[in-house]
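Descriptive structure summary
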Amino acid sequence: MTATTTAPLTAGTTRSARGPSPRLRAWATRAPLLPALIFMIAVTQLPFVATLVISFFDWNALYPKARHFTGIDNYRQVLTDADLRHSVWTTVLLTVAVVLASLVLGLLLALLLDRRFRGRGIVRTLLIAPFLVVPVAAALLWKHVLYNPEYGLFNGLLHYVGGPQPDWVSNTPLLAVEASLVWQWTPFMMLILLAGLQSRDQQQIEAARVDGAGDWQIFVHLTLPHLRRYLELGALLGSIYIVQNFDAVFTITSGGLGTANLPYTVYQSFYQAHENGLASAAGVLVVIGSIVIATFALRVVSSLFREEVSRA
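- By the naming in an unreviewed UniProt entry, the protein chain goes by Sugar ABC transporter permease and is assigned to Streptomyces pyxinicus.

Structure below.
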């Protein structure tokens, strides 16, 4: 009897000496993250589920008692309505133009900052500054300080050289929105591409120079292939934001003159037409498009990490 009772005591003592089980330790490690997870679900996922449910209803806020289930009719209307299709096309055009222009300008600025020159730190800080400006403030800056036909900087410079005095927002509305977004997103692209330039293998570049390669040949055959992943990452991250951009369109043109993109159309449907169901369906489509782009962005980021790990 004595030996039988001693064995479990010894095993229990050994188990307690070892500490808590791995499963308990894992839960103890994750426990501090639970409040953040609960907050994220409450703030992001629950509203999205509510939006998804509302998107299947014909629901006008002015007539709340007349709402009824319509299935996918709202989605069919979003995809077939001429105005909504035009807003989708405007969104695509705006995104492509801003992302491509920002990438090209960001690459040129990154190549400039990759060289050593006096005052490089000050120049880098000044070039990053536009990205740190609040989007609404940036749009107001472009609308009133630069575009205004009476006291704007652009027309002031044209008046100084005897040029015309155009109304920039009225004459070129979409280009006006694109220019403000390019100005704000070029520093972001510049930082990503500058990080890519500074991660190049310098020994490989020196070897190419020894073999007689010029700057253009090094750029085309070594630098650009190395920057491919960084260009993809910048394009995808920029697209995620531009697809959802509302501030510049609302502030500069108020969605008029053919500049209404899909987020602004959602705003019009919800806050002006009070069509909750239709606005929710359009919003769900915007989220789905953003998720698709974000999925590609995450794959590019993971491939960059794998390349860095394999190189190390």
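So, next bit.
1. Looking at the overall build of the protein chain
- Per the secondary structure count, the protein chain includes 15 helices and two strands.
- What you see for the protein chain is a C-alpha radius of gyration of 28 Å, clearly larger than the 20 Å of a compact globule of 312 residues, by over 25%.
- Expressed as a percentage of its 312 residues, the buried residues of the protein chain come to 33%.
- Pairs at least 24 residues apart make up 68% of the contacts formed inside the protein chain by residues separated by at least 6 positions.
- When the accessible surface of the protein chain is summed, it comes to about 19,100 Å², and 68% of that surface belongs to carbon and sulfur atoms.
- Averaging the locations of the 22 positively and 17 negatively charged side chains of the protein chain gives two centres separated by 15 Å.

2. Section: the UniProt feature "transmembrane region" (unreviewed entry) in the protein chain
- UniProt records the feature "transmembrane region" (unreviewed entry) for residues 33–57, 88–113, 125–142, 174–197, 233–257 and 277–301 in the present numbering.
- The straight-line gap between the two end C-alpha atoms of residues 33–57 is 36 Å; of that span, 84% is helix and 4% is strand.
- Between the C-alpha atoms that bound residues 125–142 there is a distance of 20 Å. The span itself is 89% helix and 0% strand.

3. Some remarks on the nonpolar core
- Counting residues in hydrophobic clusters, the biggest one holds 43 residues, and the most contacted among them are Leu94, Val98, Ala110, Val177, Leu181 and Ile242.
- Elements represented by at least two residues in this core include exactly helix H5 (82–113), helix H7 (135–146), helix H10 (173–197), helix H12 (215–243), helix H13 (247–253) and helix H15 (276–311).
- Per-element tally for this core: the top contributor is H10, with 13 residues.
- Excluding anything up to four places from it in sequence, Ala110 contacts Met190, Leu193, Leu194 and Leu197.
- Ranked by size, the runner-up nonpolar core spans nine residues in total, among them Val266, Leu278, Ala281 and Val284.

4. Regarding the side chain of Ser55
- Within the secondary structure, Ser55 sits in the loop between helix H3 (34–54) and strand E1 (57–58).
- A polar side-chain atom of Ser55 sits 2.5 Å from the main-chain carbonyl oxygen of Leu52.
- Within the local environment of Ser55, its side chain forms a polar contact with the side chain of Tyr75, the two groups lying 2.7 Å apart.
- In this view, Ser55 contacts Gly71, Asn74, Tyr75, Gly277, Ser280, Ala281 and Val284; residues no more than four positions away in its chain are not counted.

5. Some remarks on the environment of Leu113
- Relative to the helices and strands, Leu113 resides in helix H5.
- Through-space distance from the C-alpha of Leu113 to that of Arg124 is 7.1 Å; in sequence the pair is 11 residues apart.
- Non-local contacts of Leu113, meaning those with residues more than four positions away in its chain, are made with Arg120, Val123, Arg124, Leu127, Met190 and Leu194.

6. Here we look at the environment of Leu222
- Note that Leu222 resides in helix H12.
- When its relative accessible area of 23% is taken as the criterion, Leu222 is described as partly exposed.
- For the pair Leu222 and Ser170, spaced 52 residues apart in sequence, the C-alpha to C-alpha distance is 44 Å.
- Residues within four places of Leu222 in sequence aside, it is in contact with Gln204, Ile205, Ala208 and Gln217.

Definitions and limits used
- Residues numbered from 1 in each chain as written.
- Predicted model: local features only at pLDDT ≥ 70, side-chain atom pairs only at ≥ 80, totals over all residues.
- Heavy atoms only, no water.
- Helix = DSSP H or I, 4+ residues; strand = E, 2+ residues; numbered from the N terminus.
- Rg over C-alpha atoms; globule rule 2.2 N^0.38 Å.
- Buried < 20%, exposed > 50% of the residue type's maximum accessible area, 1.4 Å probe, protein only.
- Contact = heavy atoms within 4.5 Å.
- Areas by Shrake-Rupley, 256 points an atom, 1.4 Å probe, with all protein chains shown as cover.
- Lys, Arg positive; Asp, Glu negative; His and termini not counted.
- Charge placed at Lys NZ, Arg CZ, Asp CG, Glu CD.
- UniProt positions renumbered as here; feature names shortened; annotations may be inferred.
- Core = buried A, V, L, I, M, F, W, Y, C linked by side-chain atoms within 4.5 Å.
- Polar contact = N/O pair within 3.5 Å; in protein donor to acceptor, adjacent residues only side chain to side chain.

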